[in-house]
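An overview of the molecular structure
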Amino acid sequence: MPQQRVIVVGGGLAGLAATIRIAEADMPVDLFSMVPVKRSHSVCAQGGINACNEVARQQGYSEYQHFDETIYGGDYLADQAPVLEMANWAPRIIDLLDRMGVPFNRTAEGFRDLRLFGGSLFRRTHFSGATTGQQLLYALDEQTRRHESEGKVNKYEFWEFLRPIIHDQRCVGIVAQDMRTMQIRAFRADAVVMATGGCGLIFGKSTNSVICTGGAASRCFQAGAWYANPEMIQVHPTAIPGADKCRLMSESARGEGGRIWVPRKQGDSRDFKDIPASERWYFLEEKFPKYGNLVPRDIASRELFDICVNQRMGIGGENVVYLDLTHRDPDYLTRKLGGIMEIYEKFVGDDPRFTPMKIFPAVHYSMGGLWTGYVHGAYDPPQPHGEHRAGGVVPVSTDSGQGMQPGAPENMMTNIRGLYAFGEVSFAFHGATRLGANALLSCIFDGLFSGASVVNYVRECEPGETPADSLDPATFDAAAQHEQSKHQALLDSADAGDMTDETNPYRIGHDLGVEMTEASTVVKSGPRLEQCLKKLAHLRDRYSRVRLSDAAMWTNQSLSYTRALGDMLILAEAIALGGLKRKESRGSHFRTDFPDRDDPNFLKTTIATYDPQSRSTDISYRDVDTRLVRPRPRTYGKIEAEQQHKTGQPVVAK
Amino acid sequence: MALAHAHSPTQRRLNRQAAKPGRTIRIRIKRCDGPGKPSRWEHFDVKVERGANVISCLQQIAAHPVTADGKATTPVVWDAICLEEICGACTMLINGRVRQSCSCLIDEYAPNHGDSITLEPMSKFPVVRDLWVDRSRAFEALKRIKAWIPIDGTYHLGPGPREPARPQLTRYTLSTCMTCACCLEACPQYTIEHDESKWDASFIGAHAISQVRLFNSHQTGKQLAPDRLDILTGLGGIASCGNAQNCVKVCPKDIPLTESIGAIGRAATLHALAKWFSGPS
Ligand SMILES: Cc1cc2nc3c(=O)[nH]c(=O)nc-3n(C[C@H](O)[C@H](O)[C@H](O)COP(=O)(O)OP(=O)(O)OC[C@H]3O[C@@H](n4cnc5c(N)ncnc54)[C@H](O)[C@@H]3O)c2cc1C
Ligand code: SF4
Ligand code: SF4
Ligand code: FES
C-alpha cells in the first residue's frame, strides 16, 4: 500500500502544533523550514497568549466574551464561527502548554499569573517572562523533537518552499530547495499545510524577522490560491525605530501601566525629568478615558501618527513619543517585564525603568492571508446576538464543535483541495485588526484543531483518487524543472561589477519597503494608493531586469532573497489594490477619503486572485459569516468619536 | 585603538557616549566559499548609520559588495533571523569573542572614525559559507538527552502541575537557552568534529547539561531523568567538562551554566551509585 504522508511548510507555532497533532495520529510528516524550527519568527512574541481563566470567569468574563471581543476588535471582518471555536478552545490550549512544561509566570500560590492586554478590561493574558513566544515555541519544538526521534517526523531545515504542486486541482506536493547545496527537488504529499507566517518585509523595516517575506504565501497565490483581505496590515503603535529593523516594545508595557505622552509645548527640548506633570500631554488617556493607553493597536497607531506627523508634536520634533514606565517600582518592572526592558536597553542604551522609552508605530502583523474555509459547528442562533456584557448570560456552551465542526476536512483548507493554511499566513480569526496576544492562540489552535482535519482529509481521500505516492512522476519532474529554470535564469543574471541601483535587488527591495510604508499602512487614500500601484508597476519593471551580484552554486543567499523579492512585489500589488478598492475605513485599514465603516458595501472579505497569463491581480468579494453577533460601531468608548469621524479631512498631507 | 575592544559593560557605555556620528569604520571579514575551501580576509568600509549594529552593516555590504580597495565581490553570507537576540542564529566571533551580531552595536565597538571590527565564523562548527556555520551537533545533543516533557498526548487532560513562583523562575531562566552555541565555542573541552558518527562520543556541551537540569526539575519531565543521566554519565558526558567556566561567561542569556553543571554532576554521581548498587539492568 502506498505510504500516505503530509507536508508541513513552516516550523513556527502553527507549523509545529500541526506537526505534533498529525504525527500523533500516526501520519508521517515532512516538516520544511528555511531556518531551524527552534529559531522561527514565533520566538519574537513577547507579551502573551489570551484565554478565559478561572479568575476572570469569576469576575464575569467568559470564553464567549473573548469571542465577542475578538470579533469587535476585528471590526466584524472575521468569519465568526471559527473565532467562537478558538475562544472556546483557548483554556484547553493553555492547559496543554502547561503540561508541556511552558514556564508560565506564577502567582504566590503557584497558579498561572495573568496580565492585562489591549482590547479587554479583564486579565486574560497568560505569559512566560517577557518571551512568551519563545517559551511556547520551545515547548512545541521539544515535542516535535520527540516525534522526530520516534521516526514520525522528518525535518527538512534550511529548505525553502518554492511552489505547491497541483495536479487535477488538488495539491499533491511541493518543490523545495536546499539553501546550502542549492539542490531543487519535488516532494510528494497527500496534503500540504502552509504555516509560513507573515509578510512584514514587504514594508521594509518592520517588527518581523528577516525571513518574513510573504514569499511562500505569494507562491501559493500565484499557483491559484485566493489571498484574502490583503489590505489588512496591522501597525504596532509601540516599536523602537532602528537601523536594521523596528524592534517591538510589547503591548505589555502599556498593560503594566505604561503611559504615552508628549510635552504639551511643541518642540520642548527639556529633559523629561524637567517637564512637570501639568506640561505633559497624556493624549490617549485624555481622548479614551475608558481604555486609556490600552486602546487597540490601530487606534493607538493612528493617534501617535497624528500627534507626530500632522501635529508635529513628537519629542524634539522627531517622529517619536514617550512610553513611560518610570512611575512604577523598578523591581516590579524587572520581575514583570525584565525581558523587554532588556531589549530596549540592549538596543538603545537607556534603562526604561528610569528613562521613558521613545517609540513610534511599525508594521507588525498581517491579518490578511491565504483564504481558508471551514464547516460551521452546532451553534446557529435564530438571529445574531447584540453586545455581550460582562456577567451576562452566555448563549452557547464551550463544548468542542459549537463554532466549527471538529475534524471536518474543509477546516482551514484553502480553495485548492489538499492545501491548508495555518497561523499568520491564513486570513482567519482576526478580521480587520488583531487583538494583542490572540495570534499565538490562533496559530496553536489552527495546528491542534485543524491538524485533525488534515488527517481526516488524507484518510478519507475520495475513492478512485490516486494517492500522491502513486501519481505519475512527470507531474513532479515538471514542477521541479520549472523552478530549476527560474533558478538558472537568476544565476545567469549575475553580474559582478556592473550593478546599478536600478537593477540591484536590495535597492528594489528598499524602495518597495519605503513606498508600501508610506502609501499603505497607518493612513491611506485613493490617490496615494493609485500612485503606489504605478510605483509598484515600475518596481516590477526594474525587477524584470534584476541582476544578482553572486553567481555561486553554493549557499547563495542573494538568490533566495531576489527570488522572494519577485514574489513580494506581486503580493504588494494585492495589498495596495485591496486597499484601493475597499472604499471605507475598518480596523487597521483607514482611508482618509472614506473615514467611516461602510457595512452595506464592505462588510465583505476581499478576495485577491492572480492570473499568471496576464500577470495581474483581480479583486472580488465574499460575504462574511455574521450569523453569531450583530455588528456594532467600534469606538472603544472614545469621547467625541462621532465628531472626529465626520470631518473627513485628510489627516495626512501626502 | 584601545577603545575598539569593548569587552566590559562600562567600556561599552563609555564608547557609546563617545561615538562620533557620520563616521566610517572598517569591517574585516573572514570569508570562505564553502566546506573544504580556503579562507580569505576581505575588508569593507561602512558609513555608520544611527543605531547601527553588525547586521545593519552586513546589510549595507550585501547591497553594495565592494571591498575597501574598490574590488567587486559577492555579498557576505551570514545567518540571522530575529534581529532581537532571541533566536540565536546570528552568533559569530566579533573581535575574537563569540556573541550575537544583531545586538552588537557599532557605537560600542567602533566609536571613532577609522576604527575596525573583525568578524569570523565560529570555530567549533563546520563553515557552510562565510560567517554561516552548521550547528546541527548542538541540536542533536538535545535529542540525545530527551529534552522534552513526556506528555500523554494533546487531548484535554487538565492543567499541568501547579508550581510555586520560585522554581518557575529557575526553570524559565534555564528555558531561555536559544541553542546559540556561544557556550560551546568558548569551551576548551568542546572541539570541532566534522564526522557526524563521532558526535555521540564527543563532549555534549554545557547547553545540553543545563537542559537536563531544566527537564529533570519538572514533575513530569523527571520521569526521563534516569535516561538523561545515563547519557551524561557516559562517554562525552559530564565527566568531560574540565570546569573551566568559560561557558557561563559568554552565555548571552545569563544562564547559570556552572550551577547547572554542579547540580547535574551531583545528580549524575548519585545516579551512577544507585545503578552500581542495583546491579546492571
Ligand atoms: C515582535 C513580535 C511580537 C509579537 N508578540 C505577540 C504576542 O505577544 N502575542 C501574540 O499572540 N502574538 C504576537 N506576535 C505575533 C505572532 O508572534 C506571530 O503572528 C506568530 O508567531 C506567527 O506564527 P506562525 O507559526 O504563523 O509563523 P512563524 O513563526 O513566522 O513561522 C514561519 C515558519 O515558516 C517558515 N517559512 C517561511 N517561508 C518559508 C519558505 N519559503 N520555505 C520554507 N519555510 C518557510 C519559517 O522558516 C518558519 O519556520 C508578535 C509578533 C512579533 C513580530
Ligand atoms: S565549565 Fe565545562 S562546559 Fe563550561 S567551558 Fe568549562 S569545560 Fe566547558
Ligand atoms: S546556554 Fe547560553 S550560550 Fe549556551 S547555547 Fe544556551 S543560550 Fe547559548
Ligand atoms: S538574529 Fe536572532 S539572535 Fe541575532
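Quick caveat: nothing in here was measured; it's all calculated off a predicted structure. (Residues numbered from 1 in each chain as written. Chains lettered and ligands numbered in written order. Predicted model: local features only at pLDDT ≥ 70, side-chain atom pairs only at ≥ 80, totals over all residues. Heavy atoms only, no water.)

We now examine the packing of helix H14 (residues 526-544) of chain A against helix H15 (residues 557-581) of chain A. Residue and element names in this part refer to chain A. For the pair H14 and H15, the least separation of the axes is 10 Å and the interaxial angle reads 160 degrees. When the axes of H14 and H15 are compared, the pair comes out roughly antiparallel. The interaxial crossing formed by H14 with H15 has left-handed handedness. Facing Gly526, Leu529, Glu530, Cys532, Leu533, Leu536, Leu539, Arg540 and Tyr543 of H14, the residues of H15 in contact are Thr562, Arg563, Leu565, Gly566, Leu569, Ile570, Ala572, Glu573, Ala576, Leu577, Gly579 and Leu580. Of the residues contributing to the contact of H14 with H15, the split by class is 13 nonpolar, 4 polar and 4 charged. (Axes fitted to C-alpha atoms, helices over the stretch in contact; angles between N-to-C directions. Helix = DSSP H or I, 4+ residues; strand = E, 2+ residues; numbered from the N terminus. Parallel < 35°, antiparallel > 145°, perpendicular 65-115°, else oblique. Left-handed = near helix turned anticlockwise from the far one by under 90°. Contact = heavy atoms within 4.5 Å. Nonpolar A, V, L, I, M, F, W, Y, C, P; charged D, E, K, R; others polar.)

Residues and elements named next belong to chain A. Lining the immediate environment of ligand 1, one finds 39 residues, of which Ser40, Ser42, Phe161, Glu424 and Leu440 sit closest. Methionine 34 has a polar backbone atom sitting 3.2 Å from an oxygen atom of ligand 1. Taken by itself ligand 1 offers 990 Å² of open surface, and the protein chains cover 98% of this. At the level of elements, helix H1 (13-24), strand S7 (159-167), helix H6 (215-222), strand S17 (357-366) and helix H11 (439-459) are the ones that each hand at least two residues to the shell around ligand 1. Tallied by class, the residues present in the shell around ligand 1 amount to 18 nonpolar, 17 polar and 4 charged. (Near = heavy atom within 4 Å. Polar contact = N/O pair within 3.5 Å; in protein donor to acceptor, adjacent residues only side chain to side chain. Areas by Shrake-Rupley, 256 points an atom, 1.4 Å probe, with all protein chains shown as cover.)

On to the domain arrangement of chain B, then. All names here are of chain B. Segmentation of chain B into domains returns domain 1 (9-129) and domain 2 (135-278). Of the residues lining the interface, 17 residues belong to domain 1; the matching set on domain 2 comes to 17 residues. Considering only the side of domain 1, the residues that lose the most area to domain 2 are Val98, Lys124 and Phe125, jointly responsible for 45% of the buried surface there. At the surface where domain 1 touches domain 2, the tally comes to 2 salt bridges. As a salt-bridge pair, lysine 253 and glutamate 85 come within 3.5 Å of each other at their nearest N and O atoms. Summed over the shared surface of domain 1 and domain 2, the number is 10 residue pairs in polar contact (both at pLDDT 80 or more). (Domains from an automatic or database assignment. Buried area = accessible area lost by both parts, 1.4 Å probe. Salt bridge = Lys/Arg side-chain N within 4 Å of Asp/Glu carboxyl O.)

Listed as interface residues are 75 residues of chain B and, on the opposing side, 71 residues of chain A. Here chain B meets chain A over a buried area of about 6100 Å², counting both sides, of which 53% is carbon and sulfur. When the area that chain B buries against chain A is broken down by residue, the three leading residues are Ile81, Glu84 and Thr154 of chain B, summing to 12%. Along the contact surface separating chain B from chain A lie 6 salt bridges. Among the salt bridges present, the one from lysine 346 of chain A reaches glutamate 85 of chain B, with a minimum N-O distance of 2.4 Å. On inspection of chain B and its partner chain A, the count reaches 36 residue pairs in polar contact (both at pLDDT 80 or more). Looking at the side of chain B that touches chain A, the elements with two or more residues in it are helix H2 (54-63), strand S6 (127-129), helix H4 (136-144) and helix H5 (165-175) of chain B. Its residues assigned to classes, the side of chain B that touches chain A shows 40 nonpolar, 20 polar and 15 charged.

Residues and elements named next belong to chain B. Relative to each other, H5 and helix H7 (residues 206-216) sit at 150 degrees, their axes nearing to 9 Å. Classified by the interaxial angle, the pair formed by H5 and H7 is roughly antiparallel. Crossing of H5 over H7 shows left-handed handedness. Counted together, Thr170, Arg171, Leu174 and Ser175 of H5 and Ser210, Gln211, Arg213 and Leu214 of H7 form the full contact between these two elements.

In this section: a nonpolar patch on the surface. Residue and element names in this part refer to chain B. On the surface, a cluster of nonpolar side chains totalling about 550 Å² of accessible area is made up of Leu270, Leu273, Trp276 and Phe277. Tracing the backbone through its elements, the reader meets tryptophan 276 in helix H10 (residues 257-278). A relative accessible area of 66% places tryptophan 276 in the exposed class. (Patch = residues over 30% accessible without salt bridge, like charges linked within 9 Å, V, L, I, M, F, W, Y side chains within 5 Å. Buried < 20%, exposed > 50% of the residue type's maximum accessible area, 1.4 Å probe, protein only.)

As a further point, take helix H9 (residues 297-310) of chain A. Residues and elements named next belong to chain A. An ideal rise of 1.5 Å per residue puts 20 Å on 14 residues; H9 measures up with 19 Å between its terminal C-alpha atoms. With 11 of its 14 residues buried, H9 lies for the most part within the structure. Those residues of H9 that fall on the buried side of the exposure criterion are Arg297, Asp298, Ile299, Ala300, Ser301, Glu303, Leu304, Phe305, Asp306, Ile307 and Cys308. After H9 finishes, the residue arginine 312 shows a positive phi value of roughly 55 degrees. (Expected span 1.5 Å × (residues − 1).)

We now examine the side chain of aspartate 115 of chain B. Here aspartate 115 of chain B is to be found in the loop between helix H3 (106-109) and strand S5 (116-120). From its side chain, aspartate 115 of chain B meets the backbone nitrogen of asparagine 112 of chain B in a polar contact 2.8 Å long.

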